[in-house]
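Commentary on secondary and tertiary structure
This is what each chain is made of:
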Amino acid sequence: MSDPANWPGFRARIIPFLAGAAALCALSLRAEPIGVKPPPPPSKEMSQAVTLLGQGKLNEADALFQKAVDRNPNQLDAVLGRAQIAVTEQQLDKADQMVDMVLKRQDNLPEAHNMKGVVLLLRKDKDGARREFSRAVQLQPKYITPRIYLAMMSRSNGDYTGAIDQYKQLIQTAPRLPTGYLGEAEALTMQRLWLAVLH
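Note that the structure is predicted; figures quoted are calculated from it, not measured.

Helices and strands together make up the secondary structure of the protein, namely ten helices and zero strands. Traced from its N-terminal end to its C-terminal end, the protein shows the element sequence α-α-α-α-α-α-α-α-α-α. Looking at the protein alone, contacts between residues at least 24 apart form 55% of all its contacts between residues at least 6 apart. As presented, the protein carries roughly 10,100 Å² of accessible surface, and 56% of it is formed by carbon and sulfur atoms.

Next comes the structure, spelled out in structure tokens:
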């Protein structure tokens, strides 16, 4: 079983995955799970920060996320934005504290559970990470990012049947996303190769 942090391209994928989560936090939750309060409208600082995060300008993005929090302490997606930057910079304790703060205030926020899963995954707590990613999907079934992580974890653990199931669910959730089709094809190939070795 390989270390998730050493998966090919894993760290390179962190920024775009998390930038996507930040951008969707204020937009995709217009169809919130039951019990989730609608997030406040994204501020100017928040919008600019998400753009900078997507460009990899972490220091500038962090400053704007902090400014957004200073203006509105209820802008929890800005706190998660800062946590995302901390993860990217491998400041896992700092990220964990921020995510826990968000979860204490709003335990049913899918993005917070996804971020908690990323932190746990980087800390090699695979069981904890899987629980958090699964919770994120449970809260927001259309949330793509935790589904991708769950599929990657199954594949990394050699659970090709589980990976295939996860990729099938991803295809159903996001039929235009090539990741699901490519991942399923790879998992099917690996499963066939493994079965051939056994026989």
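Here the protein averages 78 in pLDDT, and 76% of its residues register 70 or above. A low-confidence stretch, residues 3-35 stays under pLDDT 50, and its non-local contacts, those more than four residues away or across chains, total 70 contacts.

Let's shift gears to helix α6 (residues 110-122). Its 13 residues give α6 an end-to-end C-alpha distance of 19 Å, which sits within 8% of 18 Å, the value for a rise of 1.5 Å per residue. For α6, a buried count of 13 out of 13 residues is recorded, marking the element as mostly surrounded by other parts of the structure. Lys124 sits one or two residues past α6 and shows a positive phi near 70°.

Take the nonpolar core next. Core analysis: the largest hydrophobic core is formed by 39 residues, its most contacted members being Phe65, Val87, Val102 and Phe133. Elements supplying a minimum of two residues to this core: α2 (44-54), α3 (58-71), α4 (76-88), α5 (92-105), α6, α7 (126-139) and α8 (144-156). Ranked by the residues each element gives to this core, the list is headed by α4, at eight residues. Excluding its chain neighbours within four sequence positions, the residues that come into contact with Phe65 are Met46, Ala49, Val50, Leu53, Ala78, Gly81, Arg82 and Ile85. Core analysis: the second largest hydrophobic core is formed by eight residues, Ala163, Tyr167, Leu170 and Ala187 among them.

Mapped onto the elements of the fold, His113 is located in helix α6. When near neighbours in sequence (up to four residues on either side) are disregarded, His113 contacts Leu103, Asp107, Glu132, Phe133, Arg135, Ala136 and Leu139.

The next subject is the packing of α3 against α4. Two elements in contact, α3 and α4, have axes whose closest approach is 8 Å; the angle formed by their N-to-C orientations is 155°. One finds that α3 runs roughly antiparallel with respect to α4. Classified by chirality, the crossing of α4 by α3 is left-handed. Every residue of α4 that contacts α3 at Leu58, Ala61, Asp62, Phe65, Gln66, Ala68 and Val69 is listed here: Ala78, Val79, Gly81, Arg82, Ile85 and Thr88.

The rules behind these values
Residues numbered from 1 in each chain as written. Predicted model: local features only at pLDDT ≥ 70, side-chain atom pairs only at ≥ 80, totals over all residues. Heavy atoms only, no water. Helix = DSSP H or I, 4+ residues; strand = E, 2+ residues; numbered from the N terminus. Contact = heavy atoms within 4.5 Å. Areas by Shrake-Rupley, 256 points an atom, 1.4 Å probe, with all protein chains shown as cover. pLDDT = per-residue confidence, 0-100. Expected span 1.5 Å × (residues − 1). Buried < 20%, exposed > 50% of the residue type's maximum accessible area, 1.4 Å probe, protein only. Core = buried A, V, L, I, M, F, W, Y, C linked by side-chain atoms within 4.5 Å. Axes fitted to C-alpha atoms, helices over the stretch in contact; angles between N-to-C directions. Parallel < 35°, antiparallel > 145°, perpendicular 65-115°, else oblique. Left-handed = near helix turned anticlockwise from the far one by under 90°.

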